[in-house]
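# Chains, contacts and geometry: an overview
Listed below, chain by chain, are the residues.
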Amino acid sequence: QVQLVESGGGLVQAGGSLRLSCAASGRTFSSYAMGWFRQAPGKEREFVAAMRWSGGYTYYANSVKGRFTISRDNAKNTVYLQMNSLKPEDTAVYYCALDTTPRVGLWSVLLATSLNYDYWGQGTQVTVSS
């Protein structure tokens, strides 16, 4: 069984930065992909960023491209989401998720599809004040 634990959320002013962490435990950290999603009050969960383990391919939602960076530390079984130039519209609960199934197809579509992810963390709140 896999456990994912997010941390690093908090309250920040617009223009500020936060770094979220997602620590994985319970199995070898060599799955297909790790993704970050977010859900704002009254809205559906949306894709933020993801990384394929093989090749380190990354993919970002247009709304965060150029501001957010996903990275990993294999030795620590941890994935990070560095968030810069934060905006009030980035306010949401952020979730990390793990896809353990090798897949074939268009990477951008596969990585952005929440149904492809097998394990989810409990979420961490990010609030950006104006």
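Residues numbered from 1 in each chain as written. Predicted model: local features only at pLDDT ≥ 70, side-chain atom pairs only at ≥ 80, totals over all residues. Heavy atoms only, no water.

### A closer look at the state of the cysteines
Put simply, the test is: A pair of cysteine sulfur atoms is labelled a disulfide when the two atoms are within 2.5 Å. Helical segments are the DSSP runs of H or I of at least four residues, strand segments are the runs of E of at least two, and each set is numbered from the N terminus. A 1.4 Å probe rolled over the protein chains alone gives each residue an accessible area, and that area as a share of the maximum for its type sets the label: buried under 20%, exposed over 50%, partly exposed in between.
Counted under the stated rule, the structure contains one disulfide. Put simply, Cys22 and Cys96 are joined by a disulfide, and their sulfur atoms are 2.0 Å apart. With the S-S dihedral at roughly 60 degrees, the linkage between Cys22 and Cys96 falls on the right-handed side. Note that Cys22 is positioned in strand S3 (residues 18-25) and Cys96 in strand S9 (residues 92-99), a separation of 74 residues in sequence. Each member of the pair, Cys22 together with Cys96, is buried.

### Focus on the side chain of Arg38
Using the following cut-off: Pairs of N or O atoms within 3.5 Å make up the polar contacts considered here, provided that, within protein, one atom can donate a hydrogen while the other can accept it, and that residues adjacent in sequence are counted only when both atoms are side-chain atoms.
For Arg38, the position within the fold is in strand S4 (residues 33-39). Among the polar contacts listed, one links the side chain of Arg38 to the side chain of Asp90, at a separation of 2.9 Å. Among the polar contacts listed, one links the side chain of Arg38 to the side chain of Tyr94, at a separation of 2.9 Å.

### Looking at the pattern of salt bridges
For the record, the criterion: We define a salt bridge as a contact between a side-chain nitrogen of Lys or Arg and a carboxyl oxygen of Asp or Glu at a distance within 4 Å.
Tallied over the entire structure, the rule returns four salt bridges. Note that Arg38 and Glu46 form a salt bridge whose closest N and O atoms lie 2.6 Å from each other. With a relative accessible area of 5%, Arg38 lands in the buried category. In this structure, Arg103 and Asp99 form a salt bridge, with 2.7 Å as the shortest nitrogen-oxygen distance. On the basis of relative accessibility, which here comes to 24%, the residue Arg103 falls in the partly exposed class. You can call Asp99 buried: its relative accessible area is 0%. Within this structure, Arg38, Glu46, Arg67 and Asp90 form a network of salt bridges that share partners.

### Brief notes about the nonpolar core
The test is simple: Buried Ala, Val, Leu, Ile, Met, Phe, Trp, Tyr and Cys residues form a nonpolar core when they are joined through side-chain atoms within 4.5 Å.
Of all hydrophobic cores here, the largest spans 38 residues; its most connected members are Trp36, Leu81, Met83 and Tyr94. Broken down by secondary-structure element, the contributors of at least two residues to this core are S3, S4, strand S5 (46-52), strand S7 (68-73), strand S8 (78-83), S9, helix H1 (107-112) and strand S11 (124-129).

### Remarks on the side chain of Ser21
Tracing the sequence through the fold places Ser21 in strand S3. Residue classification places Ser21 among the buried residues on the basis of a relative accessible area of 15%.

### Concerning the packing of aromatic side chains
Formally: By convention, a stacked pair of Phe, Tyr or Trp rings (six-membered ring in the case of Trp) has centres within 6.5 Å and planes under 30 degrees apart, an edge-to-face pair has planes over 60 apart, and any other such pair is tilted.
Counting across every chain of the model gives six aromatic pairs. Between Phe37 and Phe47, the ring centres sit 5.6 Å apart and the planes meet at 70 degrees, which makes this aromatic pair edge-to-face. Of the two residues, Phe37 sits in strand S4 while Phe47 sits in strand S5, which places them 10 residues apart along the sequence. Neither Phe37 nor Phe47 differs from the other in exposure class; each is buried. Their ring planes at 80 degrees and their centres at 5.2 Å tell us that Phe37 and Tyr117 sit as a pair that is edge-to-face. You can see Phe37 sitting in strand S4 and its partner Tyr117 sitting in the loop between H1 and strand S10 (119-120), a full 80 residues away along the chain. The pair Phe37 / Tyr117 is uniform in exposure class, with both members buried. Here the aromatic residues Phe37, Phe47, Tyr59, Tyr117 and Trp120 are joined through ring pairs into a cluster of three or more.

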